[in-house]
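These are the residues of each chain, in order.
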Amino acid sequence: MLFRLLVPLGLLCARLPLHLGAPGPDGTAPDPAHYRERVKAMFYHAYDSYLENAFPYDELRPLTCDGHDTWGSFSLTLIDALDTLLILGNVSEFQRVVEVLQDNVDFDIDVNASVFETNIRVVGGLLSAHLLSKKAGVKVEAGWPCSGPLLRMAEEAARKLLPAFQTPTGMPYGTVNLLHGVNPGETPVTCTAGIGTFIVEFATLSSLTGDPVFEDVARVALMRLWESRSDIGLVGNHIDVLTEYNKAIRNYTRFDDWYLWVQMYKGTVSMPVFQSLEAYWPGLQSLIGDIDNAMRTFLNYYTVWKQFGGLPEFYNIPQGYTVEKREGYPLRPELIESAMYLYRATGDPILLELGRDAVESIEKISKVECGFATIKDLRDHKLDNRMESFFLAETVKYLYLLFDPTNFIHNNGSTFDSVITPYGECILGAGGYIFNTEAHPIDPAALHCCQRLKEEQWEVEDLMREFYSLKRNKSRFQRKTLSSGPWEPPTGPGTFSSSENHDQPKEKKPAKQKVPLLSCPSQPFTSKLALLGQVFLDSS
């Protein structure tokens with residue numbers, strides 16, 4: 001029987017004392033400009049090594065200076081690294097790689113591919129790069145962002161994954177053959193993440209292409225996963241996609257991670273003895289505003305990092321040491337990602353110290369002549385002959401963003417781009433980027449660029465009219481935006497209509513019952529109304 005023992009908070013604190021935060025060795029906090037350049041150098045050492053030794057294979061083998069296919073056969077590292085190039089400011093290489101991918105990547109191949117990994121790395125990477133193309137100086141075609149070569153590649157890759165969703169439950173198989181579909185005899189058991197994380201990429205794809213099939217299958221899979229939860233509202237680590245749920249499989253899984261996190265958050269327990277250290281929990285806590293607990297969690301993880309120069313996959317808390325066969329560190333990004341979010345929320349320099357330590361330890365332990373190698377064993381710093389593509393897609397990206405507070409990814413809405421599409425005006429680049437599982441940023445405003453329905457337009461118009469009617473009558477709505485002056489709603493014909501209707505009167509709407517403005521249940525936080533990229537606050 002598999003289970004995890006729980007330890008009291010006192011033992012946890014005794015074994016993992018909080019790092020009290022001495023600044024850098026010379027008494028000063030790490031210099032962000034210096035470490036930005038260090039991170040850039042790390043990126044190009046790894047990226048150039050891949051291009052010179054491994055392309056067009058999926059990933060680099062840094063110890064033997066060659067390449068191999070891992071999750072498919074589509075130059076995975078190049079796709080995964082594309083948006084990182086722009087975040088680092090290299091528009092010329094971004095433009096070159098866009099052309100290379102169009103000429104070299106083919107998804108019509110007889111290869112068994114991970115449905116989950118292909119989605120987060122390939123579909124997500126191509127969608128992100130597509131939406132960032134204009135910012136990168138790529139000459140986009142008419143109709144962008146509702147069309148474009150990278151969007152078509154993302155759609156082609158996603159269509160190759162659709163046969164995996166043809167199960168009695170709608171939850172996808174874990175592997176699919178890109179040419180023939182699901183292999184006969186394919187195991188129906190897959191991980192929870194392999195079912196529930198398609199909605200970001202697939203809903204974006206449906207919104208941009210107008211084809212609802214992607215969002216539809218992702219929503220069905222997500223809902224069926226939710227329906228398979230246990231009596232206490234939890235799902236197991238592994239699910240049988242051919243049945244509504246499979247108690248035998250779910251009972252065999254380890255102590256459920258979600259249950260653990262819920263109990264940790266409630267304060268019922270502290271940590272299990274054998275704790276997986278993928279370490280994004282403090283980042284999640286920060287996003288819901290639980291900053292104090294997020295910092296406590298982060299500092300505990302940081303202490304483990306300082307012990308080994310990285311985070312082992314599992315950690316035995318009473319012994320204060322690694323767990324057998326889980327002592328490696330494949331250069332994962334999660335703790336660095338958490339530091340980035342927490343630094344945005346607090347500005348605490350100790351978070352920059354984690355970034356500094358990550359740069360120093362990765363370079364000291366993992367850097368080899370041909371890139372950066374996975375750390376096979378943190379106890380003796382033995383290396384493995386692999387450089388995961390997520391090192392360039394995630395780890396380096398989050399490190400750079402931690403040290404670059406003015407990067408366009410951190411935009412607060414004070415600047416934006418206005419794009420005219422066949423469906424009307426579209427606001428892009430205002431911020432609020434959503435990172436998918438592989439750290440590919442998706443601009444949520446793009447979801448409204450390509451298929452705005454008349455009913456949706458009417459609802460937006462009604463909300464705007466009511467809002468500004470209240471604004472004129474109640475002084476408390478008088479606000480200034482982050483720009484130089486008060487924002488005023490556009491006037492004139494076609495303000496919220498598609499371009500083809502600019503000179504035509506709007507057809508009469510079907511009669512519907514009038515509803516009060518912002519009829520949501522009262523919330524303990526400030527109400528927000530966000531329309532077309534503009535956020536309005538009601539502090540009443």
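Scroll up for the structure.
Rules and cut-offs
- Residues numbered from 1 in each chain as written.
- Predicted model: local features only at pLDDT ≥ 70, side-chain atom pairs only at ≥ 80, totals over all residues.
- Heavy atoms only, no water.
- Helix = DSSP H or I, 4+ residues; strand = E, 2+ residues; numbered from the N terminus.
- Contact = heavy atoms within 4.5 Å.
- Areas by Shrake-Rupley, 256 points an atom, 1.4 Å probe, with all protein chains shown as cover.
- Disulfide = S-S within 2.5 Å.
- Patch = residues over 30% accessible without salt bridge, like charges linked within 9 Å, V, L, I, M, F, W, Y side chains within 5 Å.
- Salt bridge = Lys/Arg side-chain N within 4 Å of Asp/Glu carboxyl O.
- Buried < 20%, exposed > 50% of the residue type's maximum accessible area, 1.4 Å probe, protein only.
- Phe/Tyr/Trp six-rings, centres within 6.5 Å; stacked < 30°, edge-to-face > 60°.
- Lys NZ or Arg CZ within 6 Å of the ring centre and 35° of its normal.
- Core = buried A, V, L, I, M, F, W, Y, C linked by side-chain atoms within 4.5 Å.
- Pairing = 2+ DSSP bridges.
- Polar contact = N/O pair within 3.5 Å; in protein donor to acceptor, adjacent residues only side chain to side chain.
- Expected span 1.5 Å × (residues − 1).
- Bend = angle between axes of the 7 residues up to and from the residue.

Undergrad: Explain the overall build of the protein residue by residue, including any values.
TA: Scanning the protein from terminus to terminus reveals 17 helices and 21 strands. Taking contacts inside the protein between residues at least 6 apart in sequence as the whole, the part at least 24 apart equals 68%. Of the roughly 25,300 Å² of accessible surface on the protein, 54% is carried by carbon and sulfur atoms.

Undergrad: Pulling in residues and values, what's your account of the state of the cysteines?
TA: Inspection of the entire model under this criterion finds three disulfides. Sequence-ordered numbering of the bonded cysteines in the protein gives a pairing of 1-3, 2-6, 4-5.

Undergrad: If you had to explain a nonpolar patch on the surface to someone new, which residues and values would you point to?
TA: A cluster of nonpolar residues, Leu 284, Leu 287 and Ile 288, forms a patch on the protein surface that exposes about 280 Å² of accessible area. Looking at the secondary structure, you find Ile 288 in the loop between helix 12 (281-287) and helix 13 (291-308). When its relative accessible area of 57% is taken as the criterion, Ile 288 is described as exposed.

Undergrad: Please set out the side chain of His 440 residue by residue, giving values where relevant.
TA: Mapped onto the fold, His 440 is located in the loop between strand 18 (434-435) and strand 19 (441-442). Non-local contacts of His 440, meaning those with residues more than four positions away in its chain, are made with Ile 79, Asp 80, Asp 83, Ile 120, Arg 121, Gly 124, Gly 125, Ser 128, Ala 393, Lys 397, Ile 434 and Phe 435.

Undergrad: Could you give an account of the packing of aromatic side chains, naming the residues involved and the relevant values?
TA: Scanning the entire structure with this criterion turns up 17 aromatic pairs. Judged by centre distance (5.3 Å) and plane angle (15°), the rings of Phe 43 and Tyr 47 are stacked. Residue Phe 43 and its partner Tyr 47 are located together in helix 2 (residues 32-53), separated by four residues, close to a single helical turn. The residues Phe 43 and Tyr 47 share a single accessibility class, namely buried. Aromatic side chains Phe 165 and Phe 202 sit 5.7 Å apart centroid to centroid with 40° between the ring planes, which places their arrangement in the tilted category. Here Phe 202 lies in helix 8 (residues 199-209) and Phe 165 lies in the loop between helix 6 (149-161) and strand 5 (175-177), a separation of 37 residues in the sequence. Both residues of the pair, Phe 165 and Phe 202, count as buried. Among the aromatic side chains, those forming a connected cluster through ring pairs are Phe 165, Phe 198, Phe 202 and Phe 214. Against the face of Trp 226 rests Arg 229, its NZ or CZ located 4.0 Å from the ring centre.

Undergrad: An account of the pattern of salt bridges is requested, with residue identities and associated values reported.
TA: Opposite charge on two side chains permits pairing when their charged atoms draw close. One pass over the full model with this rule turns up 23 salt bridges. Among the ionic pairs, Glu 327 bridges to Arg 379, the shortest N-O distance being 3.4 Å. Here Glu 327 is found in the loop between strand 11 (321-322) and helix 14 (334-346), whereas its partner Arg 379 is found in the loop between strand 14 (375-377) and strand 15 (382-383), with 52 residues between them in sequence. Put simply, Glu 59, Glu 117, Arg 121, Arg 386, Glu 388 and Glu 438 are held in one network by salt bridges that share partners.

Undergrad: Please provide a residue-by-residue account of the nonpolar core, values included.
TA: Membership of the largest hydrophobic core comes to 121 residues, with the highest contact counts inside it found for Leu 101, Leu 126, Phe 202, Phe 298, Phe 391 and Leu 392. Filtering out sequence-adjacent residues up to four positions away, Phe 202 remains in contact with Asn 119, Ala 158, Leu 161, Leu 162, Phe 165, Phe 214, Glu 215, Val 217 and Ala 218.

Undergrad: An account of the pairing of strand 16 (residues 417-421) is requested, with residue identities and associated values reported.
TA: Regular strands place their side chains on alternate faces of the sheet. Note that strand 16 and strand 17 (residues 424-428) share five bridges and pair antiparallel. Each bridged residue has a counterpart across the sheet, and for Ile 420 the counterpart in strand 17 is Glu 425.

Undergrad: Explain the environment of Leu 63 residue by residue, including any values.
TA: If you trace the backbone, Leu 63 turns up in the loop between strand 2 (59-61) and strand 3 (66-68). Residue Leu 63 is classed as partly exposed on the basis of its relative accessible area of 42%. Spatially, the C-alpha atoms of Leu 63 and Arg 386 are 7.6 Å apart, while their sequence positions differ by 323 residues. Beyond its immediate stretch of four places on either side in the chain, Leu 63 contacts Val 368, Ala 373, Leu 383, Asp 384 and Asn 385.

Undergrad: Lay out the side chain of His 45 in plain terms, naming residues and giving numbers.
TA: Its place among the elements puts His 45 in helix 2. Looking at His 45, its side chain comes within polar contact range of the main-chain nitrogen of Gly 371, at 3.3 Å. Once you skip the residues sitting within four places of it in the chain, His 45 turns out to touch Lys 367, Val 368, Glu 369, Cys 370, Gly 371 and Phe 372.

Undergrad: Now, about helix 5 (residues 115-132): what can you tell me, with residues and values included?
TA: Between its first and last C-alpha, helix 5 extends 24 Å over 18 residues, near the 26 Å set by a 1.5 Å rise per residue. Where helix 5 bends most, the angle comes to about 30°, and this point is Gly 124. Buried residues dominate helix 5, accounting for 18 of its 18 residues.

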